[in-house]
Structure formats: C-alpha cells, structure tokens
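An overview of the molecular structure
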Amino acid sequence: MKIKQPRILVIEDNKCDRDLLLHILNSLETECVVECVNSGRIGVEHLRKESFDLVILDLSMQKFDGFQVLKDIRDAKDKAFPVLLVSSFTNKEDKVQGLELGATDCINKPYIIEEVRARVQIQLKLRQILKDVQWASEKTNAGIKMLYKELDKKNKQLQEFDRLKDEFLGNVSHELRTPLTIIRESISQIVDGLIGDVPEKQKQYLSRALANIDRLKNIIDNLLDISKIEKGRVELYKEKVDLVALIKDICADFQTKAAAQNLELRYELPEDEVYVLIDMEKTIQVFTNLIGNALKFTKKGNITISLKEWEDFVQCEVADTGMGIAAEHLPQLFNKFKQFSRTHSPGEKGTGLGLTIAKSIVELHGGNIHVESREGKGTTFIFTLPKYCQRRLVHEENIDYRR
Amino acid sequence: MKNKSRFLIVDDDDGDLTLMRNAIETAGFDADVYVAKNGEQGVEMVDDLKPVTVIVDTNMPGINGFETCSLMKSRDKVNIQVIICTGVVDAVDAGKARASGADGYCVKTSNYEALINEIKSMF
Ligand SMILES: Nc1ncnc2c1ncn2[C@@H]1O[C@H](COP(=O)(O)OP(=O)(O)O)[C@@H](O)[C@H]1O
Ligand SMILES: [Mg+2]
C-alpha cells in the first residue's frame, strides 16, 4: 500500500535558498515528498495537474512577479492547499498584500531554521486535519445516502406487502360472503318456522346465532368496501336528495338503540329542504358509522346531528358527549384498523374500518371530513357534501366516477 | 502457484459475519475470506495471515473496532487496508475511524452494497 505522504511544492529561483529549504524539509517530523521548481510558470502548471498539500512560494523572484504567481495558483483546481510566502519582506506591506491574496503564512528570509520547520509543520498538520474532516464527512454522507436508499427499498417492499394483504383480504372477504349468506338464509328459515315447528328454546339460540352472523357479515362488508375503495372500484350513483329528510329517517332508525342506552339522540336541522347531490346508500353509511360510533363511545348525555348550508356545499356534524379521543390519536384516527378506545359493551368490538370508509365516501363526493375532540368531553365529526344545483348537475354528468 | 489475496472480517455477530462473507464472495473478488469473532483475535490473525483487506465492525465486546484498527495498523506496517463497517453512520465515528488509521468507513446495509463499493474503490 502507498502510504500517503504529504506533497510539498517549492517555487524558488534562488538555488541557495532552495537547497536550504530542501534540507529543512527533509528533516521534518513528517516524511514528505518535496518537489522544487525554479519558475512561477512551471509551478502554476504543476498545480493545475497535481495536488499538493503545501506550496512554498518565493515572493521575490527575479523573472516573476510573486504576487501574480500567487493569484494564478489560487485559481488551481484544489484551492484548499496552504501557501507559505517566503521573502525578505523589506517592504512591510508585502506581507499584508500576500495574506490578502490568499497566502496562509509568511516566513522571513534569511531563514531561521527552527522557525521554518515549525511553521511548515503547523501547516501540514492543519492540512491533515482538514483532509481527515473532509474524509469523515464524505464517508458519512455516502453512508447516509446508502441508508436512505435502503429505507426507500424497504418502504417499497412494505407497500407491496400492504397491497398483497389488501388484495388477500378483499378476496377472502368475497369468498366468505356467499357461504355466509346461505347459512344466514337457512337459519332464518328455521327460525321463521318455515321448515317445521321449532321449540322456543332452540329459536332463542338460533336467533343469537343470526345476530352474530349479521355482525360477521357487517365486518366482511366493511372489508369488501375498503378493498373496493382502495382499488378505486367504487362508483357513486349520485341523485338529488333532501338531506333534511334523510337525516330524520336515519335518526329514527337509531332512536330505539339510543333510548336503550339512555342517550338522547337529537337533530338541529334547517326548516326547509336542503338538496344535495349524493349517493344516498353511501351517505347513509357515513351517518350510520358516525352515529354508531357516537353511541358506542358515549355513556351519558346526548348525540346531536346538525346541518348547515353554505353556498355550494353543506356541512354536517355528528357530536357526542362521550369519552372523546386523546389528542395523540387524532392524526391516525382515519387510518385503517385503528382503534383507540375500549367500548363498554364487549359485543361491539368493531373493526376499525368505519371511519376509513366514511372518510373515503365523503372524499369521493368531493367533500372533506375532520374531527374535533376532547378527552372526557366529547367528540364531533364534521364533514361536507356537495349541494345540488342545476349548474353542477350539467357539469357532473360528464364525469366518470369510477376514477 | 498464484497466491489468492486474503480478506479478514472481524465482527462479533455471526449473522453479519456470514452475510458479509457471502457478499464479498458473490461480488467476485478472487480472495479467501477469513473471519474473527472479536478484536483481539482479529489482531492476532493479521500477524499470521497477512491479509490484504480487513473489515472491522465498530461495536464488539472487548476492544472496539477503532482500537482494533489502530492495533492492526501499528503491528502490520506493510500491506493492510482496514475498512470500518458499522451499523450506524455518524460523522464523529467516521472521524474516529480516520484517526485510528482506517482506510475506509462504510455503513452496513442489508446487501452490503456500501461495503463492496468501498472495497472496490481500494483496488
Ligand atoms: N365518537 C367517538 N368517540 C370516541 N372515540 C371514537 C369515536 N368515533 C371513533 N372513535 C375512535 O376511533 C376508532 C375507530 O373508529 P371506527 O373506524 O369507526 O372503528 P370501530 O368503530 O370499528 O372501532 C374507534 O375504535 C375509537 O377508538
Ligand atoms: Mg365504528
């Protein structure tokens, strides 16, 4: 292996001075490679081609203007090398000018050997430190770049796994649905006495089975919905709907359940009809999920559904006085499978898909959804839907909702 | 008979040792790869093996990678290149690597691409 010795270039036209300098440089603590040239022009050429760790330049050469040489070598490729000026410095301003032109240090002639040695040694040390720092920073940067690349690769892999998982879930859900429907139908027929008389006790057990099949079906439906949404395979069948009437209907469906939990379910709606352009089934799903959650996570108080009209959209709110959501969970709330609170009734575990589905449906309508919540105080989900207006309808007819 | 060049890998982690060895062998270097499980053993093996390139992990029980590197460098003044290969990149560690006389410093990634690049840049 080549041990990297520092390389020094001496530009000096006086042979005596050159020999003395060479002698000093050869007796340095650090072993160096020294090259001597006797003209500024050759020196500059050397520097353009090779790199040196130190240049020692005689400022007062016979045929060359030392300052011009100094300027020229500062244009060299690697400008980081130090330049030591040597001269008798009879004119004191020369030192200042030299330093201003980029020289690193000056040494007076006639030479004091110890001084030359010390000053050169210092410059070589500094140069080495600079090189080491550069080396370390280059290696560090290269390493960080590598890690980024690796991270990126891992990320892509994860995304692929995620996609496979979703595809798998979608397929499995689909396959589960058909047999489940058949099981449900059969049991339902038995319970309804269509197959023959069923003792009360058996009916009771079968009804329980039916209720759980419905839960299972609900979960599978959610999984299928998510899978469709993610594949961009959701079509909206938009129609003109009076949202005031729709909300009243939806609330009516939940009244029994709310009453059973001793919760008040109420609405604050405009007097007149409010027409929106929505996919009714999917919008019902949004309300159902949000009201369902509100009932699930509220022990006492009330649930309020309200509706406000803006110029071309409406804003719906589902507010509860329940347990609320911790601030740290809010950013992930709409993510798939995220569940943060334990419900009071074990039968309502859910899947953590309700909010994801609700968000997707709202966004497919061109609206947005967000949440405001304080732990222990309650939660409000706020979302927007497009209003129905003649202009929009004409415009939207040309749009393919399948994305 | 032409002598194959010799690589020595010093790492306390068996998994890393195997993976690095595989990476070097599949990268097509015409070399025999030897391994040591700690710094002390590595330093001894340098004396016997006279390897061309030594790859040293940073964190090992006993003497660490930097100490291992400077010991190797002080023992064997002729023909040895040391690359410090680490799981965490850090400018301070890179500086320590340099100070201990290392010729290379690189990060361990799953396919050891950085290490292979570093070795290639040395020949
Ligand atoms: N009204 C609410 N009050 C408190 N927490 C809620 C409310 N709605 C949703 N959450 C929290 O968000 C989580 C995700 O809700 P959701 O996607 O509907 O899934 P699921 O209802 O199946 O758990 C819930 O598990 C719960 O932690
Ligand atoms: Mg829910």
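Residues numbered from 1 in each chain as written. Chains lettered and ligands numbered in written order. Predicted model: local features only at pLDDT ≥ 70, side-chain atom pairs only at ≥ 80, totals over all residues. Heavy atoms only, no water.

Observations concerning the overall build of chain A
On a plain count of helices and strands, chain A comes out with 10 helices and 12 strands. Here chain A holds 403 residues, and the buried ones make up 41% of them. With an accessible surface of roughly 23,700 Å², chain A has 52% of that area assigned to carbon and sulfur atoms. (Helix = DSSP H or I, 4+ residues; strand = E, 2+ residues; numbered from the N terminus. Buried < 20%, exposed > 50% of the residue type's maximum accessible area, 1.4 Å probe, protein only. Areas by Shrake-Rupley, 256 points an atom, 1.4 Å probe, with all protein chains shown as cover.)

Brief notes about the nonpolar core
L243, F287, I291, I305 and F383 of chain A are the most contacted members of the largest nonpolar core, which totals 46 residues. The leading source of residues in this core is helix 7 (residues 243-260) of chain A, at eight residues. In this structure I291 of chain A touches I250, F254, L265, I305 and V318 of chain A, once residues within four positions along its chain are discounted. L17, A31, Y105 and V107 of chain B belong to the second largest nonpolar core, which has 45 residues in total. (Core = buried A, V, L, I, M, F, W, Y, C linked by side-chain atoms within 4.5 Å. Contact = heavy atoms within 4.5 Å.)

What to know about the interface of chain A and chain B
In this assembly, 14 residues from chain A lie in contact with 25 residues from chain B. For the pair chain A and chain B, the summed buried area comes to about 1,500 Å², and 59% of that belongs to carbon and sulfur atoms. For the pair chain A and chain B, the interface holds three salt bridges. Residue K139 of chain A is joined to E118 of chain B by a salt bridge in which the shortest nitrogen-to-oxygen separation is 2.6 Å. Seen at the junction of chain A and chain B, the total is four residue pairs in polar contact (both at pLDDT 80 or more). (Buried area = accessible area lost by both parts, 1.4 Å probe. Salt bridge = Lys/Arg side-chain N within 4 Å of Asp/Glu carboxyl O. Polar contact = N/O pair within 3.5 Å; in protein donor to acceptor, adjacent residues only side chain to side chain.)

Considerations on the pairing of strand 5 (residues 104-107) of chain B
Alternating residues of strand 5 of chain B divide into G104 and C106 of chain B and Y105 and V107 of chain B, and every residue in both groups is buried. Taken together, strand 4 (residues 81-86) of chain B, helix 4 (residues 91-99) of chain B and strand 5 of chain B constitute a β-α-β crossover, and its handedness is right-handed. (Right-handed = clockwise from strand over helix to strand, strands pointing away.)

As for the confidence of the model for chain B
Averaged over every residue, the pLDDT of chain B is 90; residues scoring 70 or more account for 95%. The complex model carries a pTM of 0.61, and its ipTM stands at 0.88. (pLDDT = per-residue confidence, 0-100.)

Digging into the sheet that holds strand 4 of chain B
Residues and elements named next belong to chain B. Strand order in the open sheet formed by five strands is 2-1-3-4-5, and the pairing between neighbours is parallel. What marks the edges here is a single partner per strand, and that holds for strand 2 (31-36) and strand 5. Each neighbouring strand pair of the sheet contributes to a mean axis angle of 20 degrees, computed without reference to strand direction. Two elements, strand 1 (residues 5-10) and strand 3 (residues 53-57), share four bridges in a ladder whose sense is parallel. Bridged to L8 within strand 3 is V54. Where helix 5 (residues 113-120) meets the sheet, its contacts fall on strand 1, strand 3, strand 4 and strand 5, and the angle it forms with strand 5 comes to roughly 160 degrees. (Pairing = 2+ DSSP bridges. Axes fitted to C-alpha atoms, helices over the stretch in contact; angles between N-to-C directions.)

Digging into the side chain of T68 of chain B
Note on placement: T68 of chain B falls in helix 3 (residues 65-75). The contacts of T68 of chain B, once residues within four sequence positions are left out, are G39, V43, V56, M60 and I63 of chain B.

Some words on the packing of aromatic side chains
Applying the stated rule across the entire model yields four aromatic pairs over all chains. Note on F334 of chain A and F381 of chain A: the rings are 6.1 Å apart at their centroids and 85 degrees apart in plane angle, and the pair reads as edge-to-face. Of the two residues, F334 of chain A sits in the loop between strand 10 (313-320) and helix 9 (354-364) while F381 of chain A sits in strand 12 (residues 378-386), which places them 47 residues apart along the sequence. Take F334 of chain A and F381 of chain A: they sit in the same class, and that class is buried. On the numbers, 5.7 Å between centres and 35 degrees between planes, the contact of F7 of chain B with F29 of chain B is tilted. In this pair, F7 of chain B sits in strand 1 while F29 of chain B sits in the loop between helix 1 (14-26) and strand 2, placing the two residues 22 residues apart along the sequence. The same class applies to F7 of chain B and to F29 of chain B, which are both buried. Above the plane of the ring of F52 of chain A lies R7 of chain A, whose end atom (NZ or CZ) is 4.6 Å from the centre. (Phe/Tyr/Trp six-rings, centres within 6.5 Å; stacked < 30°, edge-to-face > 60°. Lys NZ or Arg CZ within 6 Å of the ring centre and 35° of its normal.)

Considerations on the sheet that holds strand 2 (residues 33-37) of chain A
The pairing of strands in a sheet happens through backbone hydrogen bonds and is either parallel or antiparallel. All names here are of chain A. The strand order across the open sheet built from five strands is 2-1-3-4-5, with neighbouring strands paired in parallel fashion. Strands with a single pairing partner mark the edges of an open sheet, and in this sheet they are strand 2 and strand 5 (105-108). Mean inter-strand twist for the sheet, computed between neighbouring axes without regard to direction, equals 20 degrees. Note: strand 1 (residues 7-11) against strand 3 (residues 54-58), four bridges, orientation parallel. Considered in strand 3, the bridge of L9 is made with V55. Contacting strand 3 and strand 4 (83-87), helix 3 (residues 66-73) runs over the sheet at an angle of about 160 degrees to strand 3. Helix 5 (residues 113-191) rests against strand 1, strand 3, strand 4 and strand 5 of the sheet, and its axis sits at about 165 degrees to strand 5.

Considering the pattern of salt bridges
Residue and element names in this part refer to chain A. Going through the model one piece at a time under the given rule, you end up with 39 salt bridges over all chains. Where R266 meets E264, a salt bridge forms, and the shortest distance between an N and an O atom there is 3.9 Å. Judged by its relative accessible area of 41%, E264 falls in the partly exposed class. Connected via shared salt-bridge partners are D162, K165, D166, E230 and K336.

Focus: the site of ligand 1
Residues and elements named next belong to chain A. In the region of ligand 1, 20 residues are neighbours, and K296, D320, Q339, T351 and G352 sit closest. Separating an oxygen atom of ligand 1 from a side-chain N or O atom of K296 is a distance of 2.8 Å. Take T379: an N or O atom from its side chain is 3.4 Å from a nitrogen atom of ligand 1. The protein chains hide 97% of the 540 Å² of surface that ligand 1 would expose on its own. The leading source of residues in the shell around ligand 1 is helix 8 (residues 280-296), at three residues. (Near = heavy atom within 4 Å.)

Quick word on the packing of helix 1 (residues 15-26) of chain A against helix 5 of chain A
All names here are of chain A. Two elements in contact, helix 1 and helix 5, have axes separated by 10 Å at closest approach and are oriented at 60 degrees. One element, helix 1, and the other, helix 5, form an angle in the oblique class. Considering only the axes of helix 1 and helix 5, their crossing is right-handed. Residue-level contacts link L20, L21, I24 and L25 of helix 1 to I113, V116, R117 and V120 of helix 5. Of the residues that constitute the contact of helix 1 with helix 5, the class distribution is seven nonpolar, no polar and one charged. (Parallel < 35°, antiparallel > 145°, perpendicular 65-115°, else oblique. Left-handed = near helix turned anticlockwise from the far one by under 90°. Nonpolar A, V, L, I, M, F, W, Y, C, P; charged D, E, K, R; others polar.)

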